[in-house]
Amino acid sequence: MAELTVDIAGLRLQNPFILASGIWGETGATLARALRAGAGAVVTKSIGVAPRAGYANPTIVEVPAGFINAMGLPNPGIDAYKEELEEALKPGKPVIGSVFGANAREFCALARKMEGYGVHALELNLSCPHAQGYGAQLGQDPDITKRITASVKAAVKIPVFVKLTPNVSSIATIGKAAEAGGADAVAAINTLKGMAIELELCRPVLSHGSGGYSGPGIKPVGVACVYDLFGAVKIPIIGMGGISSGEDAAEYLMAGATALQVGSIVYKKRDRTFTHLSRELSHFLSSHHYKSARALTGKAHGRS
Ligand code: DHB
């Protein structure tokens, strides 16, 4: 049997598959359910300083090869999230706290509280494609990315991951800025900006208008971003975007990822997601005579 265990910035994962932010992440019970169903780790919903209701419905629409969503960063606020994390931490596996803020001060306050609640690492959301003043509006700028990352790194001891947007001309430039700010890993990619139009009503389907496109349709974009990042940074890369099979996972690993996140596939495979992906990746590795998932990282670059 090929070895699926991976290490990312000091975290040991039983397998490379991490539940992505925004999927089952608003409650501790659903995060714990993903861990008990075999996830290597989970990422929380992005949490901010105050409670937010999010946008009006509709907030998600299924499109060919995926979904477009614009939830509007709904979350209970950092203070109320403490008890959710107590639940999420019960299975004893890595929990990564995702946070979003409007500036370095908010990010630091959120990061300190998350660390105090016991999360094993942080993921900075510098990539939500549609929230005014948050996410990608900060993460499309390399100087802001570097400054926020460096501030959070100075505020906490746990590893800090930076989640990047593909909606830029050079994701490598933003990845380098996160690395220069001291990031322990980068996660790529967040969703691609997208829109669906409701023809009979002559207006966008989603109440917010545009949203983030995820699912199998974005996989080639994610693989290209991970490939570019691997050539640009030395820190590990967490790859994601449309992974729904063991072969998809192998592609991301060969492009340069050390660990992987999954989101849209969870809507199809539910609790079977993680055992399904682990079994398929295992099969791919054994049938191609690889000893471990680790051995695949960066293979497509012909230098390892
Ligand atoms: C939301 C969407 C994102 O892509 C993200 O990174 C954070 C939040 C949302 O709509 O809530």
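The paragraphs below set out a description of the structure included in this document. All of these numbers come straight from a predicted model, not from anything done at the bench. (Residues numbered from 1 in each chain as written. Predicted model: local features only at pLDDT ≥ 70, side-chain atom pairs only at ≥ 80, totals over all residues. Heavy atoms only, no water.)

This part covers the packing of aromatic side chains. One pass over the structure, following the stated rule, counts three aromatic pairs. Pairing F67 with Y267 gives two aromatic rings, centres 5.4 Å apart and planes at 55 degrees, and the pair type is tilted. Taken together, the positions of F67 in strand β6 (residues 66-69) and Y267 in helix α9 (residues 264-269) put the pair 200 residues apart, joining distant regions of the chain. Under the relative-accessibility criterion, F67 is labelled buried at 11%. On the accessibility criterion, Y267 (41% relative accessible area) is partly exposed. Ring geometry for F284 and Y290: centres 6.4 Å apart, planes at 15 degrees, overall stacked. Exposure remark for F284: the relative accessible area of 11% places this residue in the buried category. (Phe/Tyr/Trp six-rings, centres within 6.5 Å; stacked < 30°, edge-to-face > 60°. Helix = DSSP H or I, 4+ residues; strand = E, 2+ residues; numbered from the N terminus. Buried < 20%, exposed > 50% of the residue type's maximum accessible area, 1.4 Å probe, protein only.)

In the vicinity of the ligand lie 13 residues, with K45, M71, G72, L73 and N190 positioned nearest. Here an oxygen atom of the ligand sits 2.8 Å away from a polar atom, N or O, in the main chain of M71. N190 is positioned such that a nitrogen or oxygen atom in its side chain is 2.7 Å from an oxygen atom of the ligand. Residues that form the shell around the ligand fall into these classes: six nonpolar, six polar and one charged. (Near = heavy atom within 4 Å. Polar contact = N/O pair within 3.5 Å; in protein donor to acceptor, adjacent residues only side chain to side chain. Nonpolar A, V, L, I, M, F, W, Y, C, P; charged D, E, K, R; others polar.)

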